[in-house]
Each structure stands twice: as structure tokens, then as C-alpha cells.
Amino acid sequence: MFNFKLVRRYLGKHLVRSLLTVASLMVALFLLCLLQAIVVSLDAGVRGAKRDRLIVQSAVSLFVDLPLNYQQKIGAVDGVESICKWQYFGGHFQDDEKGYFAQFATDFDTLFACYPEIEVVEGSKEALLADRTACIVGKSLADRLGWKLGDSIPLEATFFAKPDGSAWDFKLAATYRPTSTAMDGGMMFFRWDYLEETVKATRGETPGTGTYVFRTRAGADQAPIAATVEALFENGPQRVSCSTEAAFQAQFVSMYGNLPFFVSAIGGGVLVAIVLACINTMLMAFREQLHDAGILKAVGFTDGSVATLMLAQSLVLCGIGGFAGIGLAKLTEPVMQLMLTRFGVPYEVPAETVALASALTISIGLVAGVVPAWRARQLRVVEALRSVE
Amino acid sequence: MLIPLSYTLRSLFVRKSATLLTVFGIGATVAVLAGVLALRAGFTSLFSSSGRDDIAVFIRQGASSEGESGITRETCDRIIKTLPQIAREGGPEGTPLAAMECYLAVRRQKADGSGETNVPLRGVQPASFAIQGDALRIIAGRKLTPGSDEVIVGQKLVDRIANSRLDDVVQVNTTPFRVVGVFACDGPSESEIWGDVERMMAALERPVANRVVAQLALDCQGDAFAAFAKQLTESADYKELLVMAKTERVYLAEMAGPLGTTLWYVSAVLSVIMGLAAIFTATNTMLSAVASRTHEIGILLSIGFRPLPIFLSFLFEALLLGLVGGAVGCLMALPVNGIETGTTNFATFTEVAFAFRVTPEVLWSAIRFALILGLLGGAIPAWKAARLAPTEALRRR
């Protein structure tokens, strides 16, 4: 004798309370999705890493460069195909708060060979090769900072500061969009020869490069290739470590230390608070409906259907609030993406987060409804009828 | 006439389950906020409490940290030997109390095997120790011998980073350095490895140093230093040095800035979002309190209590809920005090170890937050109670 109309009426009878409960659930589930998505996003680079790419970097430090002649030596190792260099430039764009993004010097032909997921959406690869100061930036970055093709982009250098302190000038020749979510869509790449010649001309030294990235031949066993590369430079001048892209990305994740744990702890606090709030609401509802429950039982509703009525109210209330919160988290995805790009973190609310949040929503509904439902079931008609609200 | 406080207190006790659930709900919210604030307090106090005003840090103009900075040996020499603003040991002709230092974030494995992190490696000169004075204490082993392949490690590293115990070997590129001592000091240096600057620069094949650190002369502190720092970047006399100077206090505060600000934003966003949910809950509780006491309110009104005291009485009840919730939250947050943790400070790109600090300011912020939750949650229900018409209210059961 389950009657959904009764559920609706009871929830509507205390509309303000129902709405407040729904609203607090919405807020809490939104926050939970957000926190969980951030934790998941942290190692998006690890999960999305290409299996056929290996990365060579200094074994000493992220900030130590490798000599240029390493490229040819590594390239000669059996099983190595299309090798490219990435040199972190570390420049600042005018308004640093809003404008932070990573810039790298590279050779475009080898970059595109190593990274098929870089898809040029505006401009062309030819345009990049035509101008020494040409650069390609992520479409999202260009949109955020309002850049158009042909714009001049001045950057204040740090590691590669010119002796007179003047800015480096780049010309926007193309934009890209990554076809994989694991790749940062907000980076800038410019030509290696521009970096090398400018540093030579102004400082009289040849720059090195931070990392070499190479693809291995299809089907090749990577472990011996990596070991061979590391052995090449065992006695210097700069020792290297050669790792898979996943391991390379993992070292950045491990830098966050306990951060993921703290974020989860915050999520736990949110969860406790919201469960208590929902139990509170349902106990209030139970007290008010005590008399009604007696009447229902007196006119022939079974113990089970009266209990179900309580549980259903809890589930409907929590369901509406929880799913609204999950929806809100999904809806605000683009805004959050924009806010988090400056930390270089790709943000999305993945399907597993939605699934987890949905499961939590239903669990909260069950937990909050089970005590009142049980008590409604045990209720003796005479006592219930005697009670006043 | 005001309604006696005992009425409010008893009302809270009568509705035990609702009161408890609300108190713990607010408590959980407050505990989370207090936890984040304690993290921030631990991190920023590490940097802000240790910087000195009589020590100057010279880095390249435009560099935001010593890691980004680069100063040639010649420039370092000129700064150390010629600047009269730098104090000298034993009179005007004595040795300058200034040191050329190199600095690099090196890759190290964590001791617990959970991956790798970046540890600051600093090349120092004997003057570096002289400037620190008694603030830097060797707590195990001995000081490093200048010119040798020896290092000393900050005590925070010993348990966190692999190979940082006495007699361990720290490999720097192709050169092995032996750990001969463990040092303690206030501030972030306790998470660093120190070695001889010449040996470090040789091992790392780095042609330039990163900074000069100097004890300031007595007549070049405070305003005099500010004027000197301005000259350094603007005057033609110093133009070719291309360096800028900051006091150690200012420099360290800048290193704490980005992460400190981020944590502040995190706590602000969390308090708003979680606060909203808590306010809704408190409103629900108080609405139900008003509803169940409608009859009583009618009696109060008819025996002569004015609406204002009734409003205040319910508001006070909500504030009390908030206060107790806040106290519970603070109690829940207290155990994190002193827990050591580490994270990468992206201003220097190195890991720094610090402890949660539940300071009185943190607790006070948490209590204030809880009171605001109570106030905002109680306002509407209290208003509703005060607006009841006596006859209407009395008619309700």
C-alpha cells in the first residue's frame, strides 16, 4: 500500500525544511564532487601517459640541463625513434596572477612526431617554421588571455634573462588542442633555434635542454632501452634518468605529499556533517508524523508500508539534494577548469566521481531514513494516537 | 523584560537528539576549517618566525627566488668585498660577514618509499655559519670541513628522505658526499642539505652561484637598508651588479606567500560552502524548536513578554548551539596539533617539512565562524517566533 502521493504531501507540508535540507545536501555533494575531482585530476597525467614514450632528464635535479649532444647519442640507441627536446623557459607574462602558463622551447618537427595528440586548430605547422619567433599555444590559453593569431607575446625571462633585462618577444603563429585530456591544453611551445641563438648572442653560452622525450619502436622492450640510455652517461658529464612517461608524471604527483589525504579528510568532515543534518531532519519529520502514523496504522496500513513511507521521504529528499549537487558540479566544470589552469591541473568531474557521489547520496538517504522507519514500524497504534505533535 | 537564560538552556536539553546532531554537525564543519587554518599557521609561521632583519639576501634582479637567481663569481666577490653596508668581523679591516651560496633543488627518494621529492641543496661558505651564529646548532656529528666532500643535513630530513643519516652518502651527479653532521635551526633551512659551495658548484658543473647572504652593518639596518636596496636597483653605481637585496625576513615571507595565499583561499572557499550547509541545518533545527514551542510562545506573549525578548531568546539559543558546536569542533581539531607533514612549496619547488599548529588565533577564528553559523541559522526562526500573534499561538496544541 505504498503511496507516493503521501510522500509528496509530507515533504510539501514542511516545504521550508525540505528545501533547506535539499539545499544543504546539494552544497555538500557539490563540494564532495569537487574535492574528489581534484584528487583524481592530480594524477590524470599518470593515467593518460602514452606507453611508447620515454623521458630522459637529469638524475640530479629538475633544474639541471642536459648537453645538446645527448640528443644524437640517445637517438642512436637501438629502438629509439623520433626524439625531441623540451626546455622549460619559465617566463612571466605581464599579469602573473592571471597569466601563468608553462612555456617550452622545442623543435617543432620532432615535437609533432613525438606528440600526435597535439592537434593544430588555428594557423599551421608551416607558419611555425616560417618565423624564428613563432610560437604555438593552447587554444584555451589563447582564449583566456584574448590572443589572436599574429599577436606579439612579450615574456619576461627568469632563467634566460637577457643581460639588459629586456623582454623576449614571441609571435603567435598557431594554436593547438590536445586530443587527450591527460595533456595540458594551456602550454606554449616556441622554436629551439630562437632560444639557442638569442642566448648565444646575449650571454655567449649555449643553453642545454631540460628533458629529451622519445618514442620507442613499436613492440620494442622499453626497460633495456632505458637502461642503455642511463648507462651512456653513467660517468657524466650529467647523469640521467630515463623513465616512462607515467613514472615521469608520477614524480610530480608525489611532490604533493599528503595533499590528497588532506583533501579526503576534508571530504570526510563534510560527509559527517551532512549525514548528521539529514538524520536530524528525518527525526523531526518522524516526531511530527507520529500521530499520523498511528492513524495510518489504525485504518489498515501495514507496519511495513508505514516504515516504507518514512524511508521513501528520506530517499526522495536526499536524492533530490544529492543529484542536484552532482549536477551542479558537472555544470560548473568549465568554470573550475578555467580557475585551475594556472596550477597546470587538468580538471574534470570523471564518471567514477559521479558514480561514487551517487552511491553516497543514496547511502545518506538510507542512513537518515532507517531509524525513523524502524521506529515507525515498531510504533503501537494506541501510543501513537495518544501522542500530540 | 528579558526571558531568563535558564529557559533557553532547558529548551536545548529537552530536545537532546536535535541539539546533539546540530552541535556535531556544526562541530564537523568547524573542525575541517580549523584543520586547514592549522596547516596554514604551521606553514607560514615556519617562514615568518625565523627571518631576521639584520641579514640581507642578494639575488639577481627579477628573480623571484634564489633557485631562479644566478650571480657570477665576480659579482659575488665584488658584493662581498666592496660593499660597506656589510658587517665585518673584528673591525673595519676584518673579514666581511658575507657568503656566496649556491642552491639547487635536487631529486631525492623519500624514506618511506612513496616516490621522490625535491630537496634544497645549498653550497655554503664558513661565513654562512658565522652569520647564523648560535641559531644553527649541530645536534649530531660535526660541522663540515670547508673544501671537502662532506655535507650536513637539516634534522627534518633525517626521517623523511632516504640516505640522510650520519655516514650515509649523498650522491650529487657523479660525486659522492658523506653526511658528517645533522643540524637544527628555526625556519625552512631545517629541510636543507648543506655542503661546501666550491665543491657543490664543481660537482654540479654550475658556473654561477645563486645568492649572497650577508650580515648587515649596524648603520645599515631598517630605513638605511631600504634606501640602500633602492640604490642597488636604481643607481648607476651598482647598475652592472644586476642584483637586488632584501632582508631575510622579507625574502622568507615571499617564499611562503603563494602557498600561504592558496591555503587562505582554500579555507575561505571551504568556509563559505560548508558554512552554507551548516546554516541550513541550524535553521532547520531552530525552526523546529520554534514550531514545537509555539504554544509556549503564545503564553509568554500573553503574560506580557514583548516580541524583542522572544527574538533575542531564540537567537541566543542558536548562538549557544553555534558556540557549543564550535567548541566541539575545536576539540576535534586539537589532535592534529604538532603532526609533522611536508609538501612542495611551489615558490621554491622544494619540499618543506612543517607541523600543524592549532594556535589560539586558529581556535578563535573557528569559534567566531561557529558563532556566525549560529547567528545566521537562528535569525529567521527567531524572527518568525517574535512575529507570532498571541491568540494564534495559544490556539496551537
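Residues numbered from 1 in each chain as written. Chains lettered and ligands numbered in written order. Predicted model: local features only at pLDDT ≥ 70, side-chain atom pairs only at ≥ 80, totals over all residues. Heavy atoms only, no water.

**Some points on the overall build of chain B**
For step 1, the next point in the chain: Scanning chain B from terminus to terminus reveals 11 helices and 14 strands.
For step 2, the next point in the chain: Compactness check: chain B gives a C-alpha radius of gyration of 30 Å against a globular reference of 21 Å for 397 residues, more than 25% above the reference.
For step 3, the next point in the chain: In chain B, which comprises 397 residues, the proportion classed as buried is 57%.
For step 4, the next point in the chain: In chain B, once contacts between residues fewer than 6 apart in sequence are set aside, the share between residues at least 24 apart is 76%.
For step 5, the next point in the chain: About 17,000 Å² of surface is accessible on chain B, with carbon and sulfur atoms providing 61% of the total.
For step 6, the next point in the chain: Taking the average location of the 37 positive side-chain charges in chain B and that of its 36 negative ones, the two points are 14 Å from each other. (Helix = DSSP H or I, 4+ residues; strand = E, 2+ residues; numbered from the N terminus. Rg over C-alpha atoms; globule rule 2.2 N^0.38 Å. Buried < 20%, exposed > 50% of the residue type's maximum accessible area, 1.4 Å probe, protein only. Contact = heavy atoms within 4.5 Å. Areas by Shrake-Rupley, 256 points an atom, 1.4 Å probe, with all protein chains shown as cover. Lys, Arg positive; Asp, Glu negative; His and termini not counted. Charge placed at Lys NZ, Arg CZ, Asp CG, Glu CD.)

**Points about the overall build of chain A**
For step 1, the next point in the chain: Per the secondary structure count, chain A includes 16 helices and 10 strands.
For step 2, the next point in the chain: Rg of the C-alpha trace for chain A: 30 Å, well past the compact-globule value of 21 Å for 389 residues, more than 25% over.
For step 3, the next point in the chain: Over its C-alpha atoms, taken along the principal directions, chain A stretches across nearly 95 × 45 × 30 Å.
For step 4, the next point in the chain: Residues counted as buried form 50% of the 389 residues belonging to chain A.
For step 5, the next point in the chain: Counted over contacts in chain A with a minimum sequence separation of 6, partners at least 24 positions apart contribute 81%.
For step 6, the next point in the chain: Split by element, the accessible area of chain A, about 16,800 Å² in all, is 60% carbon and sulfur.
For step 7, the next point in the chain: When the 34 basic and 37 acidic side-chain charges of chain A are each reduced to a single mean position, those positions are 12 Å apart.

**Here we look at the domain arrangement of chain A**
For step 1, the next point in the chain: Assigned domains of chain A: these are domain 1 (4–44 + 258–386) and domain 2 (60–238).
For step 2, the next point in the chain: A straight line from the C-alpha centre of domain 1 of chain A to that of domain 2 of chain A covers 48 Å. (Domains from an automatic or database assignment.)

**Brief notes about the pairing of strand S1 (residues 53–58) of chain A**
Residues and elements named next belong to chain A.
For step 1, the next point in the chain: Burial of S1 is extensive: 6 of the 6 residues sit out of reach of the surface.
For step 2, the next point in the chain: Note that S1 and strand S10 (residues 240–244) share 5 bridges and pair antiparallel. Of the residues in S10, the one forming a bridge with Leu54 is Thr244. (Pairing = 2+ DSSP bridges.)

**Description of the domain arrangement of chain B**
Residues and elements named next belong to chain B.
For step 1, the next point in the chain: Annotation of chain B at the domain level lists domain 1 (5–48 + 255–395) and domain 2 (55–221).
For step 2, the next point in the chain: Contact residues are listed per partner, giving 14 residues for domain 1 and 14 residues for domain 2.
For step 3, the next point in the chain: Approximately 1,100 Å² of surface area, both sides summed, lies buried where domain 1 meets domain 2, with 51% of it carried by carbon and sulfur atoms.
For step 4, the next point in the chain: The residue Arg160 makes a salt bridge to Glu351 at a minimum N-O spacing of 3.1 Å.
For step 5, the next point in the chain: Across the contact surface, domain 1 and domain 2 share 4 residue pairs in polar contact (both at pLDDT 80 or more).
For step 6, the next point in the chain: Among the elements of the structure, helix H2 (16–48), strand S13 (340–345) and strand S14 (350–355) are those that each provide at least two residues to the side of domain 1 that touches domain 2.
For step 7, the next point in the chain: Per-class residue counts for the side of domain 1 that touches domain 2 are 7 nonpolar, 5 polar and 2 charged. (Buried area = accessible area lost by both parts, 1.4 Å probe. Salt bridge = Lys/Arg side-chain N within 4 Å of Asp/Glu carboxyl O. Polar contact = N/O pair within 3.5 Å; in protein donor to acceptor, adjacent residues only side chain to side chain. Nonpolar A, V, L, I, M, F, W, Y, C, P; charged D, E, K, R; others polar.)

**Quick look at a nonpolar patch on the surface**
Residues and elements named next belong to chain A.
For step 1, the next point in the chain: On the surface, Leu315, Phe323, Ile362 and Leu366 cluster together into a nonpolar patch covering about 330 Å² of accessible area.
For step 2, the next point in the chain: Of all the secondary structure elements, the ones that give two or more residues to the nonpolar patch are helix H13 (303–331) and helix H15 (351–378).
For step 3, the next point in the chain: The topology assignment puts Leu315 in helix H13.
For step 4, the next point in the chain: Judged by relative accessible area, which is 32%, Leu315 ranks as partly exposed. (Patch = residues over 30% accessible without salt bridge, like charges linked within 9 Å, V, L, I, M, F, W, Y side chains within 5 Å.)

**Brief notes about the pattern of salt bridges**
All names here are of chain B.
For step 1, the next point in the chain: Applying the stated rule across the entire model yields 38 salt bridges over all chains.
For step 2, the next point in the chain: A salt bridge links Glu234 to Lys230; the shortest N-O distance between them is 3.3 Å. Residue Glu234 and its partner Lys230 are located together in helix H6 (residues 223–234), separated by 4 residues, close to a single helical turn. The two residues Glu234 and Lys230 agree in class, both being exposed.

**Topic: helix H9 (residues 192–203) of chain A**
All names here are of chain A.
For step 1, the next point in the chain: Here H9 contains 12 residues, and its C-alpha end-to-end distance of 16 Å stays within 8% of the 16 Å for a straight helix at 1.5 Å per residue.
For step 2, the next point in the chain: Packing partners of the buried residues in H9 comprise strand S2 (80–88), strand S3 (103–106), strand S7 (168–178) and strand S8 (188–191).
For step 3, the next point in the chain: The positive-phi residue at the C-terminal boundary of H9 is Gly204, with phi of around 70 degrees. (Expected span 1.5 Å × (residues − 1).)

**Concerning the packing of helix H12 (residues 259–298) of chain A against helix H7 (residues 248–292) of chain B**
For step 1, the next point in the chain: For the pair H12 of chain A and H7 of chain B, interaxial distance at closest approach is 10 Å and the crossing angle is 15 degrees. With respect to each other, H12 of chain A and H7 of chain B are oriented roughly parallel. Taken as a pair, H12 of chain A and H7 of chain B cross one another with a handedness that is left-handed. The segment H12 of chain A lies against H7 of chain B, with Ile266, Gly269, Val270, Ala277, Asn280, Thr281 and Met284 of chain A engaging Leu270, Met274, Thr281, Asn284, Thr285 and Ser288 of chain B.
For step 2, the next point in the chain: Split by residue class, the contact of H12 of chain A with H7 of chain B holds 6 nonpolar, 7 polar and no charged. (Axes fitted to C-alpha atoms, helices over the stretch in contact; angles between N-to-C directions. Parallel < 35°, antiparallel > 145°, perpendicular 65-115°, else oblique. Left-handed = near helix turned anticlockwise from the far one by under 90°.)

**Structural notes on the interface of chain B and chain A**
For step 1, the next point in the chain: On the side of chain A, 52 residues touch chain B, which itself brings 51 residues to the contact.
For step 2, the next point in the chain: Of the roughly 4,200 Å² buried between chain B and chain A on both sides combined, carbon and sulfur atoms contribute 63%.
For step 3, the next point in the chain: Here chain B and chain A share 0 salt bridges between them.
For step 4, the next point in the chain: Between the two partners, chain B and chain A, sit 13 residue pairs in polar contact (both at pLDDT 80 or more).

**Structural notes on the packing of aromatic side chains**
Ring pairs (aromatic) are described by centroid distance and by the angle formed between their planes.
Residue and element names in this part refer to chain A.
For step 1, the next point in the chain: Applying the stated criterion across every chain yields a total of 33 aromatic pairs over all chains.
For step 2, the next point in the chain: Where Phe101 meets Trp147, the ring centres are 5.6 Å apart and the plane angle is 80 degrees; that geometry is what we call edge-to-face. Here the residue Phe101 occupies a position in the loop between helix H5 (96–99) and S3, and Trp147 occupies one in the loop between helix H8 (139–145) and strand S6 (152–155), the gap between them amounting to 46 residues.
For step 3, the next point in the chain: The interplanar angle of 70 degrees and the centroid separation of 5.5 Å between the aromatic rings of Trp168 and Tyr194 together place this pair among those described as edge-to-face. Taken together, the residues span a long stretch of sequence, with Trp168 in strand S7 and Tyr194 in helix H9 at a distance of 26 residues.
For step 4, the next point in the chain: On the basis of relative accessibility, which here comes to 1%, the residue Trp168 falls in the buried class. (Phe/Tyr/Trp six-rings, centres within 6.5 Å; stacked < 30°, edge-to-face > 60°.)

**Concerning the packing of helix H1 (residues 4–13) of chain A against H13 of chain A**
The relative placement of two packed helices is expressed as an angle between their axes plus a distance between the axes.
Residue and element names in this part refer to chain A.
For step 1, the next point in the chain: The interhelical angle for the contact between H1 and H13, taken along N-to-C directions, is 60 degrees, at an axis separation of 9 Å. At the point where H1 passes H13, the crossing takes the right-handed sense. Within the contact between the two elements, H1 uses Phe4, Leu6, Val7, Tyr10 and Leu11 and H13 uses Leu309, Ala312, Gln313, Val316 and Leu317.

**Things to note about the pairing of strand S11 (residues 211–215) of chain B**
Residues and elements named next belong to chain B.
For step 1, the next point in the chain: Along S11, 5 of the 5 residues are buried, which leaves the element largely enclosed by surrounding structure.
For step 2, the next point in the chain: Of the two faces of S11, the one carrying Arg211, Val213 and Gln215 and the one carrying Val212 and Ala214 are both buried.
For step 3, the next point in the chain: For strand S1 (residues 55–60) and S11, the ladder comprises 4 bridges, and the chain directions are antiparallel. Note that in S11 the partner of Phe58 across the bridge is Val212.

**Topic: unusual backbone geometry**
For step 1, the next point in the chain: Even without glycine at this site, Ser82 of chain A takes up a positive phi of about 20 degrees.
For step 2, the next point in the chain: Mapped onto the elements of the fold, Ser82 of chain A is located in strand S2.
For step 3, the next point in the chain: For Ser82 of chain A, a relative accessible area of 31% translates into the label partly exposed.
For step 4, the next point in the chain: Although it is not a glycine, Asp167 of chain B sits at a positive phi angle of roughly 75 degrees.
For step 5, the next point in the chain: Position of Asp167 of chain B among the secondary structure elements: in the loop between strand S7 (150–154) and strand S8 (169–172).

**Some thoughts on the side chain of Ser148 of chain B**
All names here are of chain B.
For step 1, the next point in the chain: By the secondary structure assignment, Ser148 is in the loop between strand S6 (137–141) and S7.
For step 2, the next point in the chain: Here Thr145 takes part through its backbone oxygen, which lies 2.6 Å from a polar atom of the side chain of Ser148.
For step 3, the next point in the chain: Excluding its chain neighbours within four sequence positions, the residues that come into contact with Ser148 are Phe177, Asp196 and Arg199.

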